[in-house]
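Here is what each chain is made of, one letter per residue.
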Amino acid sequence: MNALFSPTTLRDAATAAPNALASSEVPLLDVSGVTVQYKTRAHLVTACHRVDFQLYKGERYVLLGPSGCGKSSLLKAVGGFLPPVEGSIRLNGQPVTRPGPDRMMVFQEFDQLPPWKTVKQNVMFPLLASGKATRRQAEERALAAIATVNLSGFADAHPHTLSGGMKQRVAIARALAMEPDILLMDEPFAALDALTRRKMQDELLQLWDTLGFTMLFVTHSIEEALVVGTRILVLSPHPGRVKAEINCHAFDRASAGSPDFQAVAQRIHALLFADAVEQPVAGGAS
Amino acid sequence: MTDLSLANAAVAPSRRANPPVRPEVERAVSAAGVIGDAARPLSLWERLTGVALLRRLVLLVAVAALWQGAALWQNNPLMFPTFTAMASALVEAVLRDDLLTMAWVSLSVLLKGYAIAVALAVALTTLAVSTRIGDDLLSTLTSMFNPLPAIALLPLAMLWFGLGSISLTFVLVHAVLWPLALNTHAGFTAVSDTLRMAGRNYGLTGPRYVLTLLIPAAFPTILTGLKVGWAFAWRTLIAAELVFGVSSGKGGLGWFIFQNRNELYTDKVFAGLAAVILIGLLVENLVFRWIEARTVRAWGMVR
């Protein structure tokens with residue numbers, strides 16, 4: 001039915017050959033010189049300033065920064081919700097101008113699932129709304145995607161009967177069923193309790209192992225960034241500017257807490273809080 | 001003060017309580033069966049008092065008994081007939097005076113006005129969410145017309161459309177449109193940003209966005225608007241019918257009440273009022289309850 005659901009182990013391959021990316025290879029997503037601003041009632045807030053990064057196919061790219069550094073706004077700009085005031089965002093060479101089903105977003109909030117649709121209908125909704133599949137195909141793909149996040153028993157349940165972790169799994173299934181070019185995740189596990197969050201991170205990595213999607217992941221947790229990502233873009237406090245790009249493809253759950261892991265975590269921590277003079281943030285939103 | 005006590009604590013550690021270091025414990029969790037029955041069936045009395053309908057029925061019977069007693073004590077059937085006289089007049093009206101047909105005449109006019117108003121409200125609010133000028137238009141119109149009682153427009157409607165169902169429909173549309181539009185718009189603006197972004201992420205725009213995302217997401221408030229609109233319409237219709245019936249003195253529950261008052265059949269006046277109440281209750285408890293159970297309750301949007 002679709003190639004994405006065939007099992008391969010991409011994570012091992014990526015770990016074994018970290019620098020396999022030839023410089024001639026074209027990035028899937030090219031963000032260059034992007035400044036994002038948004039208006040609040042009284043201010044024009046600059047969320048991030050002249051940010052550059054490239055994202056290659058199969059990467060798990062993490063945007064990391066303190067809250068209020070504009071990483072969510074940057075993600076929304078990639079999603080097409082916030083047009084950048086300068087710079088360009090290109091996906092497969094095409095400029096991003098509006099939201100679209102080729103960039104599926106998973107939000108932090110649990111109310112991202114329309115409550116009037118069952119789990120299955122929720123996963124089918126974007127497939128049908130974007131005209132990507134017929135009803136029959138959509139149902140088939142939805143059930144397959146629900147099975148990959150281990151929610152088959154809840155296909156006909158309404159979202160309000162699910163726990164927070166299950167809702168996020170539905171949101172991930174909904175995004176994966178669309179087979180998007182890139183999966184945008186806006187602090188998807190931040191509202192979960194610590195144990196569930198850890199489990200969800202592991203499940204996400206397992207999914208990536210089998211499906212090998214490309215992902216842009218926003219978080220403010222250094223540990224989450226190191227475990228979940230292959231490469232981290234460290235952003236300075238408000239407004240967000242690029243401080244560093246750090247490789248972390250070598251780390252996973254098993255190596256969390258190892259001396260190497262701790263050293264990189266320390267390094268990132270130092271980068272984030274080097275100029276830790278708290279400035280009053282005009283907007284407040286991250 | 002705090003500094004002092006802290007300093008003291010540092011100097012004299014004997015003042016600090018020393019909790020004992022106790023051995024660690026690990027246990028096998030006992031089977032739940034030891035605790036006893038996890039659930040106990042409720043007694044018959046507990047189950048009966050748990051039924052809201054039954055409790056309300058008991059209240060209704062009490063009110064009816066009170067009415068009967070007061071009417072018997074007053075003993076003036078021309079002014080205040082007993083409950084039983086009203087009940088028999090109601091049965092007689094249904095059997096002989098075609099009360100049901102009259103009620104249906106009223107209801108069909110009402111449904112027509114209601115449907116037109118719903119369509120207009122959807123169009124107006126769609127306009128309001130898609131353009132800023134539409135938003136301004138809706139806000140201005142609702143704040144102007146919502147406080148204006150529909151019945152106050154009746155003289156004007158009679159002047160324009162004559163004594164007939166068109167005048168009634170006009171007044172009904174006015175009664176339903178503004179509260180419904182107000183609620184629908186409030187519902188649309190309350191839809192969370194996340195859900196909006198999810199919808200736009202799917203590539204939904206324009207009328208499809210309103211129809212497949214905004215309307216269901218705002219359905220709890222829309223339903224409230226529909227209920228308020230229904231109550232307004234029903235009241236307005238009965239009041240308008242008191243003036244000239246449904247079409248120049250024919251049919252309608254309001255007309256039934258008005259005529260019987262003229263002929264001093266007070267028990268029938270009461271029977272007409274009871275019919276108005278009964279139909280209102282039926283629609284509220286059957287139609288709207290049913291919609292509510294199938295939609296917002298099933299979706300967990302309302303408890």
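In this convention, every chain numbers its residues from 1, walking through the sequence in written order. A letter from A marks each chain and a number from 1 marks each ligand, given out in the order of writing. The predicted nature of this model means local features are confined to residues of pLDDT at least 70 and side-chain atom pairs, given and counted, to a pLDDT of 80 or more, with totals for whole chains, interfaces and linings taken over all residues. Side-chain numbers come from the whole structure's heavy atoms, not from hydrogens or water.

## Describing the domain arrangement of chain A
Many descriptions give the size of an interface as the accessible area lost when the pieces come together. All names here are of chain A. All domain edges in this entry derive from an automatic or database-based domain assignment. The domain boundaries assigned to chain A delineate domain 1 (1-6 + 26-102 + 181-275) and domain 2 (114-179). We call two residues contacting when some pair of their heavy atoms lies within 4.5 Å. With 19 residues of domain 1 at the interface, the matching set in domain 2 holds 16 residues. Between domain 1 and domain 2, a total of about 1400 Å² is buried, with carbon and sulfur atoms accounting for 76% of that surface. Between Lys or Arg on one side and Asp or Glu on the other, a salt bridge is scored when a side-chain nitrogen of the former is within 4 Å of a carboxyl oxygen of the latter. For the pair domain 1 and domain 2, the number of links is one salt bridge. The partner of glutamate 203 in a salt bridge is arginine 169, with the nearest N and O atoms 3.5 Å apart. Throughout this description, a polar contact denotes any pair of N or O atoms lying within 3.5 Å of each other; where both atoms belong to protein, one of them has to be capable of donating a hydrogen while the other can accept it, and for residues adjacent in sequence the pair is counted only when both atoms sit in side chains. For the pair domain 1 and domain 2, the number of links is one residue pair in polar contact (both at pLDDT 80 or more). Summed over both partners, buried area is the accessible surface (1.4 Å probe) that two parts give up on being assembled.

## A few points about the pairing of strand β3 (residues 60-64) of chain A
All names here are of chain A. Relative accessible area decides the class of each residue, using a 1.4 Å probe on protein chains only: under 20% of the type maximum gives buried, over 50% gives exposed, and in between gives partly exposed. For the purposes of this entry, the term helix denotes a DSSP run of H or I that reaches at least four residues, the term strand denotes a run of E that reaches at least two, and both are numbered from the N terminus. Extensive coverage of β3 is indicated by the burial of five of its five residues. Judged by which residues are buried, β3 turns out to be covered on both faces: Arg60, Val62 and Leu64 on one side and Tyr61 and Leu63 on the other are all buried. Whether two strands pair depends on DSSP finding at least two bridges between them. In terms of strand pairing, β3 meets strand β8 (residues 215-219) through five bridges, oriented parallel. Bridge pairing in β8 places leucine 64 opposite threonine 219. Where β3 meets strand β9 (residues 231-235), four bridges bridge the pair, whose relative direction is parallel.

## A few points about the side chain of B:Ser167
All names here are of chain B. Mapped onto the secondary structure, serine 167 falls in helix α8 (residues 165-189). Residue serine 167 is classed as buried on the basis of its relative accessible area of 0%. In this structure, serine 167 is in contact with Ala157, Met158, Phe161, Gly162 and Phe244, ignoring residues within four places of it in sequence.

## Some thoughts on the environment of B:Ala89
All names here are of chain B. Note that alanine 89 resides in helix α4 (residues 83-95). For the pair alanine 89 and threonine 266, spaced 177 residues apart in the sequence, the C-alpha separation amounts to 9.5 Å. Not counting residues within four places of it along the chain, the set of residues in contact with alanine 89 comprises Asp267, Lys268 and Ala271.

## Focus on the nonpolar core
Side chains of nonpolar character tend, in soluble globular proteins, to be buried together. Residues and elements named next belong to chain A. Judged by nonpolar contacts, the single largest core of 122 residues is most densely connected at Leu226 and Ile268. Each of domain 1 (1-6 + 26-102 + 181-275) and domain 2 (114-179) gives at least three residues to this core. Apart from the residues within four sequence positions on either side, isoleucine 268 is in contact with Leu64, Ile222, Leu226, Ile232, Val234 and Ile246. The term nonpolar core refers to a set of buried residues drawn from Ala, Val, Leu, Ile, Met, Phe, Trp, Tyr and Cys, joined through side-chain atoms within 4.5 Å. Formed by 34 residues, the second largest nonpolar core is a distinct cluster that contains Leu29, Leu55, Tyr61 and Leu216.

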